[in-house]
Structure formats: structure tokens, C-alpha cells
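# Tertiary structure, described
So the chains spell out like this:
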Amino acid sequence: MSSIWRNLFVLLILSAGSVVRCGHAAEATALFADMQFRRGFLLSYPDSSRGRAVEATLHLGDANNVPVWRLCQWATKYSLAAVGCVRGDAGDLSYENEGKRVVVAGPGSQNRDMILDIRGKTEYGMRARKQGESWPHLLVEQDAPVLYPLDELDAIKLAITLRLLHCVNHTSPEQYDPGLHAAQFQMFFIVKNISPVSQDRGDFFWFGVPFFDSRHDVPPAYMAQDAGKGDATGKFIYTVDARLLGIHPLKEGAWIGVQADLLPFIRSGLQEAMKRGYLKDAACHNYAVANMNLGWEIPGTFDAAIQVRDLNILAVIP
């Protein structure tokens with residue numbers, strides 16, 4: 001990475017959410033808000049058919065907070081809706097029940113910025129998931145407040161630091177099927193057609209950044225239709241090979257940092273979606289990043305937790 005980009009990342013991490021100019025050549029602005037998660041969450045219902053309906057608001061102990069993030073707990077048996085916020089040491093704020101724990105920590109805490117902890121052993125019990133059955137999710141999601149056409153951007157810069165706290169497989173050997181059972185921590189973007197006159201107006205594909213998959217040291221590329229459970233969208237999933245983004249194996253207790261330009265890979269995903277017949281229009285000026293989610297999916301009986309720090313996603317505008 002050039003020294004210009006390194007300096008840009010340093011400035012942006014120190015001033016997350018602000019607009020930074022790099023001379024007269026480019027402008028970088030945050031695609032999403034509240035990247036330290038301090039404003040709380042709108043909690044989804046466990047039933048994904050409820051869509052964006054809010055079961056509860058997790059204010060992090062401050063009723064004046066206005067969340068921009070949704071906390072999605074699809075297919076859980078243990079909703080956080082009736083759980084109170086607990087204040088811990090160093091200003092840690094958490095919500096916890098049998099199935100999960102979410103921690104948002106203060107700037108000086110060793111737990112900053114956020115921990116997502118999901119408990120598949122409690123969710124599944126002794127019975128492993130079968131083909132076609134839903135699986136628990138624990139992820140944060142946000143719509144992009146501004147839609148920037150892809151051809152108007154020089155880059156989409158991702159910066160994130162992660163630490164795997166634990167990942168334990170409780171599936172019995174006789175039930176374990178790696179084609180069905182896993183723990184995955186990943187980021188997905190909805191890349192949507194925003195043109196009112198395009199034949200694909202309103203349609204989209206999923207662009208994935210795979211940080212962790214219990215079946216692989218470094219998650220490979222994955223391209224397929226979103227399927228495998230009743231609430232699947234049927235849209236094309238284009239997940240990039242993690243090695244191409246400089247993602248190293250997540251080992252328990254060790255930090256990794258990721259800095260990458262996602263825009264070339266998003267453009268490749270758009271072309272691949274058209275090639276495979278999911279979209280008819282692959283013109284970059286008709287598409288924009290419309291939504292992002294980050295978190296766990298556990299189609300297997302896994303207990304897993306990860307810590308997230310210094311998240312930034314930046315649109316670089318020429």
C-alpha cells in the first residue's frame with residue numbers, strides 16, 4: 001500500500017465519520033455511521049419474515065441514544081428483547097442471555113469496540129442442524145445513508161481489526177457434515193441497482209468479505225445463489241477469496257488488521273452476476289452499495305466470539 005493511502009487510513013481512523021480531503025485529488029467519506037457502535041441497536045425479531053420490524057431498542061443504558069445499526073438475531077431461540085443493559089468494568093455495556101452476548105465497550109476498555117458472542121450449543125442442543133433448516137445469526141446491519149454510483153468512486157476502502165476470542169465445535173463426530181455445519185464471521189454488502197430506468201432497477205447481489213470460516217484457515221471464494229433455508233433471498237452471492245484482501249488466518253487470541261480496496265472486487269462481482277444470469281445490466285453507474293452487515297452465522301453447533309475494533313468503510317470520490 002502506498003504511503004498516501006497509509007496516511008489517509010491513519011487520518012480517517014483518528015477522525016472516523018468525518019470527511020477528509022487528500023490534496024485536491026480525492027475526497028474520502030464514511031459510507032456508514034457510528035462505527036464504534038456507541039448509539040445502540042434496533043433489535044430484529046428472531047423470525048426473519050418480520051423483516052425490519054423492531055422488537056426492542058437496545059439503548060446501551062441511555063434512552064437518548066438514536067441507533068443507526070440494527071442487531072439481527074435471526075433464527076435464535078433466545079431473543080435479547082427482554083434483557084437489560086449491564087454496565088461492567090471500564091464502561092463496558094452488554095446484553096446477554098443463554099444464546100448470545102453483545103458488548104459495546106468504552107474507548108479505554110480492552111473489550112472495545114464490540115464483541116459478538118454466539119452460543120450454538122445452547123441454540124441447537126444435542127441435535128445438529130439438518131439440510132434446509134435455518135440457523136442462528138448474530139450480526140449488525142446498516143443502510144448506507146448516501147448511495148454513490150460505483151463509477152463515481154475511485155475506491156471503497158475497508159479497514160478493520162479483529163480478534164477471535166474462541167470458536168468451539170460441539171457437533172458430535174457422527175453428526176458433523178462440513179457441507180452443513182460451520183461457524184462463519186463475515187461482512188456482506190448489498191450492491192443494488194439504483195437506476196429508475198434500468199431493466200434491473202431495484203435488483204441486487206450480495207458481495208461478501210469472509211473473515212473467518214471454521215472449515216478453512218483462510219476462507220476461499222464462494223459464488224452461488226443464496227439458498228439453503230426458507231428465508232433465503234435467491235440472489236447471487238459473490239464472496240471474494242480472503243487471501244486477495246490480505247486476510248490472514250484468525251487464531252484464537254491474536255489480532256489481525258485488514259486494509260483493502262473493495263471496489264475492484266465489487267465490479268468483478270457485478271460482471272459475474274450478469275454472466276451467470278442473475279442480472280441483465282452490469283453498468284457500474286447503475287449500481288451502488290446500499291447496505292452492509294457484519295457478524296456471525298452458525299449453521300453448525302459452535303460457540304464462537306469475536307472482537308471488532310477500528311472499523312471504517314470509506315468511499316473515495318475523485
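Anyway, here's the lowdown on the structure attached to this text.

What counts as what
- Residues numbered from 1 in each chain as written.
- Predicted model: local features only at pLDDT ≥ 70, side-chain atom pairs only at ≥ 80, totals over all residues.
- Heavy atoms only, no water.
- Helix = DSSP H or I, 4+ residues; strand = E, 2+ residues; numbered from the N terminus.
- Rg over C-alpha atoms; globule rule 2.2 N^0.38 Å.
- Buried < 20%, exposed > 50% of the residue type's maximum accessible area, 1.4 Å probe, protein only.
- Contact = heavy atoms within 4.5 Å.
- Phe/Tyr/Trp six-rings, centres within 6.5 Å; stacked < 30°, edge-to-face > 60°.
- Lys NZ or Arg CZ within 6 Å of the ring centre and 35° of its normal.
- Pairing = 2+ DSSP bridges.

## Quick look at the overall build of the chain
Across its full length, the chain holds three helices and 18 strands. For 318 residues, the compact-globule formula gives about 20 Å, and the C-alpha radius of gyration of the chain, at 19 Å, lands near that figure. A principal-axis box enclosing the C-alpha atoms of the chain has dimensions of 55 × 45 × 35 Å. A burial count over the chain gives 53% of its 318 residues as buried. Taking all contacts inside the chain whose residues are at least 6 apart in sequence as the whole, residues at least 24 apart take part in 71%.

## Quick notes on the packing of aromatic side chains
Scanning all chains against the criterion turns up 10 aromatic pairs. Measuring from ring centre to ring centre gives 5.6 Å for Phe204 and Trp206, while their planes differ by 90°; the resulting arrangement is edge-to-face. On the basis of relative accessible area, Phe204 is assigned to the buried category, the value being 17%. Using a relative accessible area of 14% as the deciding quantity, one classes Trp206 as buried. The interplanar angle of 80° and the centroid separation of 5.9 Å between the aromatic rings of Phe212 and Trp296 together place this pair among those described as edge-to-face. A residue pair is termed long-range when its members are at least 10 positions apart, and Phe212 in strand 13 (residues 204-213) and Trp296 in strand 17 (residues 287-297) qualify at 84 residues. The burial state of Phe212 is the same as that of Trp296; both residues are buried. Linked through ring pairs, Phe189, Phe207, Phe236, Tyr238 and Tyr278 together constitute an aromatic cluster. Across from the ring centre of Tyr45, 3.8 Å away, lies the NZ or CZ of Arg50, which sits over that ring. The ring of Phe204 is capped by Lys235, whose NZ or CZ atom sits 5.5 Å from the centre of that ring.

## A look at the pairing of strand 9 (residues 114-119)
For strand 9, the tally of buried residues reaches six of six residues, placing the bulk of the element in the interior. What you see with strand 9 is no split at all: Met114, Leu116 and Ile118 on one side and Ile115, Asp117 and Arg119 on the other are buried throughout. With six bridges connecting them, strand 9 and strand 18 (residues 302-317) associate as antiparallel partners. Following the sheet pairing, Ile115 is matched in strand 18 by Gln307.

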